[in-house]
Amino acid sequence: MGFSRPESGTLAMCSPEEAALLRLEEVFSATLARINSLVFQPLLEAGELRLSSEKGPEASDPWGRECLQLLQQLHSSSQQLWDVTEESLHSLRERLRRPEAVGLESLLLLQSADRVLQVHLEYIESYTCCVAVQAFQKAVKRRSEYWRGQRKALRQVLSGLSSEGSVGTALLQALRQPLAHHVQQYVLLLLSLGDTVGEDVLCTPARRLLQDSQDVPVTVTPLRAERVLLFDDALVLLQGHNTHTFDLKLVWVEPGQDRCTFHLLTPEEEFSFCSKDPQGLVVWQWKVTQAVCQALRGKKDFPVLGAGLEPSEPPTCRCGAYTFRAEGRFCQATYEGEWYWGRPHGKGTLKWPDGQNHVGDFCQGLEHGFGIRLVPQASEDKFDCYKCHWREGSMCGYGICEYSTSEVYKGYFQEGLRHGFGVLESAPQAPRPLRYTGHWERGQRSGYGVEEDSDRGERYIGMWQADQRYGPGVMVTQAGVCYQGTFQADKMVGPGILLSDDDSLYEGTFTRDLTLVGKGKVTFPNGFTLEGSFGSVSGRGLHTQGVLDTAALPPDPSSTCKRQLGQGVFPVESRWQGVYGAFRDFVRAGCPGDLREALLGFHVQSSRELRKSQEYLCCERTCPEDQAGRMEDLLEELLQHREPEALQQCLRKALSNSLHPLGKLLRTLMLTFQATYAGIGANKHLQGLAQEEVKQHAQELWAAYRGLLQVALQRKGQAPEEDEDAETRDLRVHSLVLPLVLPSFYSELFTLYLLLHEREDSLYSQGITHLSLFPDTRLLEFLDVQKHLWPLKDLTLTTNQRYSLVRDKCFLSATECLQKMITTVDPREKLEVLERTYGEIEATVSRVLGREHKLPMDDLLPLLIYVVSRAQIQHLGAEIHLIRDMMDPLHTGGLYDFLLTALESCYEHIQKEDMRLHRLPSRWSSREPW
């Protein structure tokens, strides 16, 4: 049975608003007819006559062809407006003639509202174009007598037309006022008419009425509906001319505390059904519940009340689509996805009319969890893409944002703003390519950070506040010039220092554009100093007045080249707290699975790919759905490998895995290290800053491991490990962690050592080059190696045979062993290579002597110089200093320390001038017997 209207016919009766609308359309149609004959016909005739009398292609009269074309367009749009009005009249008359057969939705104004609106807009646009070129004022000049005679007729069309006004003004009003009045009446009538549309369209052939409050009375609060209709697909509440319709698929029934009430939840409304008759309320509750189940199943059968088994309950979790209407962020947005008790909950998609999309996880009606949002921008095919974690409706946690400006941000958010550690990078083709790596606070750069300006060839390392450089900072330029001082509002102010590439040092004050000004002191590489007042003269460079001191002794080269910036200014433990802090928060929370992706990051499609498939906005993320289970496996592995050897292998595996929390932390620290010290930042004056940073990272990674271990123990119900003292921690860091993490930073770090010791290594290379020209016997002799320690001395060979064998075999095993130093980055392994080299030297000497022999330092040093010269290790100074800085403190004062000191002594001897300037023997003298 279909839904039949009540006998009273209240739903079918034509309303007074419809009759008023009919009269309004009749009056407007008649007005348009009069305007056509009274205004348009004379205007067009006057224009056509004038154009036909023109001689030549160009009109000299100000009327012109353009005015005529505009009037013709206005006339055409007026005709279309007239046609639409006639069609509207026809639909209204049909409705009044056959109200039972023709529904209200058939009215042209409701059925083709977009078309009616477009016709009105075209008329308004044509009218404003005529006004802009003063077409009406120009028209009346041609037939002024005619238009003055028509003033009375125009006044009949218009209301409030003054008899003193010009005819041009009258024409303006005649073509504007009727339409404006008509639109105003439309607004009033259609608003009233719209309230009755819902009542009429309730009747459809496929719809079935299940319950009517006129049959079983029920009261709805707080909506206070006058009538309630339950259909097989919708619940309808009528309030006067207002109709509230609710899709049953998104209606949840919640029993009340007493037998007189039950509650209904919908996406935007929550109301209660009340009744004085408990039996009637039971009927309503049962029928609404069954109707919801039926709508969700999509079946038409409906059980009889009280028959069969207990009524089935609709699921609290379900899928559906809904368009929000209430004011707020979701206004006019359509949500399609999972629901729970009237709220988006689970996975779903939001789409706004302006093209904005959001797909992801929801919780209790708000974006919560991972989600992707596309926000279109004003320009065509430009949009912002946010791939982030959300909390209670705003971005919170890790995210990747690709902006329409081609900038990309990867980092952390809080309450929708960049907050914590993050990297913002502009496109390489941007007018001024920039990259910022550092900390953010409430959407602004704040705290420690590094910015690189590729266009200007500068890198700033230091403190930020409110998106500006503020506080201590270091500026490194591509030309090798370094500045250190205090910054305010992005500019360096007050005292500071300047270090040039040749190690010249300026200490004094600067202007905001980094020009020397005021009192200062320059120390040159040769030790000379210039102290006085500095200033710049436009077009004449730097001007100074002071005292030049040339009496100072040349400074120690090592002290000159080791002037380091940033140390002591930026405490190493506080530089990258945004990176460490995110990991600590993860550990404090117990390493939950839902936070693991926020810590590890994710991989998703590019924003352009997402744009192409925004129907689904699918993403391919690195962390699988069972990420919580995988975390359990990782923690269990830590518990099973706690012995030193097993622990180092376990840590090696974890740090090499980008999906392990420790591996992700290491990669983030690598990113910050490269952003600071690679490229423009490869400056020798930053070596100390980098060296202490690597050690700090090793300490933090050990602390991170300890934190994960404590979580693993806690999950197993075991007692946590006791806190370590500083000495034990340092030993563990140097023996276990530093060798594992150093390879990740080695490339940038060793480059800084190369630059820092470039001058020393150059002298060393010159010494090696000269020593390589010596035959073995003459080199051993030159180095004062005692002849009884020379290998092969007991063989009876010719001079040529001796020369060949000695050159090929003399301490060859020790030389080859020492060359292996450059094949590893671990300081301990380098020291072990040095120890084996020493062992090979002693073994060779012992074989020569025919007995076990321990070399004293006086004998070891020249032999070691020989082996070093034959090994020809490039950049030995950088290698030695890196080993010294990074070696385990446990080895200080031990054998490794002794051997490294001996190697340092060899390195210094080879640099000496007498080594480089020694006159070599001639080719013949080298054949003299030894």
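Analysis parameters
- Residues numbered from 1 in each chain as written.
- Predicted model: local features only at pLDDT ≥ 70, side-chain atom pairs only at ≥ 80, totals over all residues.
- Heavy atoms only, no water.
- Helix = DSSP H or I, 4+ residues; strand = E, 2+ residues; numbered from the N terminus.
- Buried < 20%, exposed > 50% of the residue type's maximum accessible area, 1.4 Å probe, protein only.
- Contact = heavy atoms within 4.5 Å.
- Areas by Shrake-Rupley, 256 points an atom, 1.4 Å probe, with all protein chains shown as cover.
- Pairing = 2+ DSSP bridges.
- Axes fitted to C-alpha atoms, helices over the stretch in contact; angles between N-to-C directions.
- Expected span 1.5 Å × (residues − 1).
- Arc of directions from axis to C-beta.
- Salt bridge = Lys/Arg side-chain N within 4 Å of Asp/Glu carboxyl O.
- Parallel < 35°, antiparallel > 145°, perpendicular 65-115°, else oblique.
- Nonpolar A, V, L, I, M, F, W, Y, C, P; charged D, E, K, R; others polar.
- Core = buried A, V, L, I, M, F, W, Y, C linked by side-chain atoms within 4.5 Å.
- pLDDT = per-residue confidence, 0-100.
- Phe/Tyr/Trp six-rings, centres within 6.5 Å; stacked < 30°, edge-to-face > 60°.
- Lys NZ or Arg CZ within 6 Å of the ring centre and 35° of its normal.
- Lys, Arg positive; Asp, Glu negative; His and termini not counted.
- Patch = residues over 30% accessible without salt bridge, like charges linked within 9 Å, V, L, I, M, F, W, Y side chains within 5 Å.

**Student:** Just give me the short version of the overall build of the protein, but keep the residues and values in it.
**Tutor:** Helix and strand content of the protein: 27 helices and 27 strands. Within the protein, buried positions represent 48% of all 930 residues. In the protein, 51% of the contacts between residues at least 6 apart in sequence involve partners at least 24 apart. Counting only carbon and sulfur atoms, one obtains 51% of the accessible surface of the protein, whose full area is about 46,100 Å².

**Student:** So, the sheet that holds strand S6 (residues 252-255): which residues are in play, and what are the values?
**Tutor:** One open sheet accounts for 4 strands, arranged S2-S8-S7-S6; its pairing is antiparallel. Looking at strand neighbours, the two that pair on one side only are strand S2 (219-221) and S6, the edges of this open sheet. Sheet twist, expressed as the average angle between the axes of neighbouring strands with direction ignored, equals 25 degrees. With 5 bridges joining them, strand S7 (residues 261-265) and strand S8 (residues 270-274) adopt antiparallel strand pairing. By the bridge assignment for S8, Leu265 is matched with Glu270.

**Student:** A description of helix H19 (residues 758-771) should follow, citing residues and the corresponding values.
**Tutor:** One turn of the α-helix equals 3.6 residues, which is why residues spaced by three or four share an orientation. In a regular helix each residue adds 1.5 Å, so 14 residues correspond to 20 Å; H19 covers 20 Å between its end C-alpha atoms and thus fits that length. Within the sequence span of H19, burial applies to Glu760, Asp761, Tyr764, Gly767, Ile768 and Leu771. Buried residues of H19, seen end-on, are gathered within an arc of 115 degrees and therefore sit on one face of the element.

**Student:** Give a detailed account of the pattern of salt bridges, specifying residues and quantitative values.
**Tutor:** Per the stated rule, a full pass over the model turns up 36 salt bridges. Two residues, Glu367 and Arg373, come together in a salt bridge whose shortest N-O distance is 2.4 Å. Each of the two residues, Glu367 as well as Arg373, counts as buried.

**Student:** With reference to specific residues and values, describe the packing of helix H22 (residues 812-819) against helix H23 (residues 827-849).
**Tutor:** Relative orientation of the contacting elements H22 and H23 amounts to 180 degrees, with a least axis distance of 8 Å. Compared by their axis directions, H22 and H23 come out roughly antiparallel. Facing H22, whose interface residues are Ser813, Ala814, Cys817 and Leu818, H23 presents Val833, Leu834, Arg836, Thr837, Glu840, Ile841 and Thr844. When grouped by side-chain class, the residues that make up the contact of H22 with H23 number 6 nonpolar, 3 polar and 2 charged.

**Student:** Describe the nonpolar core, with residues and values.
**Tutor:** Within the largest apolar cluster, 70 residues are counted, with the highest numbers of intra-cluster contacts made by Leu662, Leu708, Val741 and Leu749. Once residues lying within four places of it in the same chain are set aside, the contact partners of Leu708 are Phe583, Val587, Cys591, Met631, Leu635, Leu638, His660, Pro661 and Leu662. With 44 residues, the next largest nonpolar core counts Met821, Val833, Tyr896 and Tyr907 among its residues.

**Student:** Please provide a residue-by-residue account of the confidence of the model for the protein, values included.
**Tutor:** Of all residues in the protein, 79% have pLDDT values of 70 or greater, and the mean over the chain is 80. Here residues 55-59 scores under 50 on pLDDT; set against residues more than four positions off or in separate chains, the count is 3 contacts. Low pLDDT, under 50, characterises residues 919-930; the predicted model gives this stretch 17 contacts beyond four residues in sequence or across chains.

**Student:** Can you break down the packing of aromatic side chains residue by residue, with the values?
**Tutor:** Tallied over the full model, the rule gives 30 aromatic pairs. Each ring, one from Phe246 and one from Phe271, has its centre 5.2 Å from the other, and the planes form 50 degrees; the classification is tilted. One end of the pair, Phe246, is in strand S5 (residues 242-247); the other, Phe271, is in strand S8, with 25 residues separating them in the sequence. One exposure class covers both Phe246 and Phe271, and it is buried. With a centroid separation of 5.2 Å and an interplanar angle of 40 degrees, the aromatic rings of Tyr764 and Tyr907 are classed as tilted. Pair noted here: Tyr764 is in helix H19 and Tyr907 is in helix H26 (residues 895-911), with a separation of 143 residues, a long-range link. Since its relative accessible area comes to 3%, Tyr907 is described here as buried. One aromatic cluster in this structure is built from Tyr322, Phe324, Phe330, Tyr335, Trp339, Trp352 and Phe362. For the cation-ring pair, Arg318 lies above Trp252, with the distance from its terminal atom to the ring centre recorded as 4.1 Å. It is Arg418 that lies over the ring of Tyr409; its NZ or CZ is 5.1 Å from the centre.

**Student:** Got a sec to walk through the side chain of Glu25? Specific residues and values, please.
**Tutor:** Tracing the backbone shows Glu25 in helix H1 (residues 16-52). We note that Glu25 is buried and unpaired, the nearest opposite charge coming from Arg93 at a distance of 10 Å. Once residues within four sequence positions are removed from consideration, Glu25 is found in contact with Thr85, Ser88, Leu89, Leu92, Leu109, His182 and Tyr186.

**Student:** Can you explain the pairing of S7? Please cite residues and give values.
**Tutor:** Burial runs high along S7: 4 of the 5 residues are buried. By the bridge criterion, 4 bridges tie S6 to S7 in an arrangement that is antiparallel. From the neighbouring strand, Pro255 faces S7, where its bridge partner is Phe262. Following S6, the chain reverses through 5 residues before pairing antiparallel with S7. In textbook terms, the turn of a hairpin is the stretch between consecutive antiparallel strands, and for S7 and S8 this stretch comprises 4 residues.

**Student:** Would you mind going over a nonpolar patch on the surface in detail, with residue names and values included?
**Tutor:** Among the surface-exposed residues, Leu117, Leu121 and Ile124 lie close enough to one another that they form a single nonpolar patch of about 260 Å² accessible area. As for its position among the elements, Leu121 is in helix H4 (residues 113-132). Of the residues examined, Leu121 reaches a relative accessible area of 43% and is grouped as partly exposed.

**Student:** Lay out the side chain of Arg706 in plain terms, naming residues and giving numbers.
**Tutor:** Locating Arg706 in the fold gives a position in helix H17 (residues 687-715). For Arg706, a relative accessible area of 13% translates into the label buried. In this view, Arg706 contacts Glu721, Glu722, Asp723 and Glu724; residues no more than four positions away in its chain are not counted.

**Student:** Account for the pairing of strand S21 (residues 468-477), naming residues and giving values.
**Tutor:** Along S21, 7 of the 10 residues are buried, which leaves the element largely enclosed by surrounding structure. Here strand S20 (residues 458-465) pairs with S21 via 7 bridges, running antiparallel. By the bridge assignment, Glu458 is partnered in S21 with Thr477. Here S20 folds back onto S21 in antiparallel fashion, the turn holding 2 residues, of which Ala466 has a positive phi close to 55 degrees. The pairing of S21 with strand S22 (residues 482-488) spans 6 bridges and is antiparallel. The residue of S22 that forms the bridge with Gly471 is Phe487.

**Student:** Quick rundown of the sheet that holds strand S4 (residues 234-239)? Include the residues and the values.
**Tutor:** Pairing between the strands of a sheet comes from backbone hydrogen bonds, and it takes one of two forms, parallel or antiparallel. With antiparallel pairing, the 4 strands of this open sheet are ordered in space as S1-S3-S4-S5. Across the chains shown, the open sheet's two edge strands, defined by having one partner strand only, are strand S1 (209-212) and S5. The mean angle between the axes of side-by-side strands here comes to 20 degrees, regardless of whether they run parallel or antiparallel. With 3 bridges connecting them, S1 and strand S3 (residues 227-231) associate as antiparallel partners. Counted as the bridge partner of Asp212 is Leu229 from S3. In the packing of helix H9 (residues 278-297) onto the sheet, the strands contacted are S1 and S3, and the crossing angle to S1 comes to about 155 degrees.

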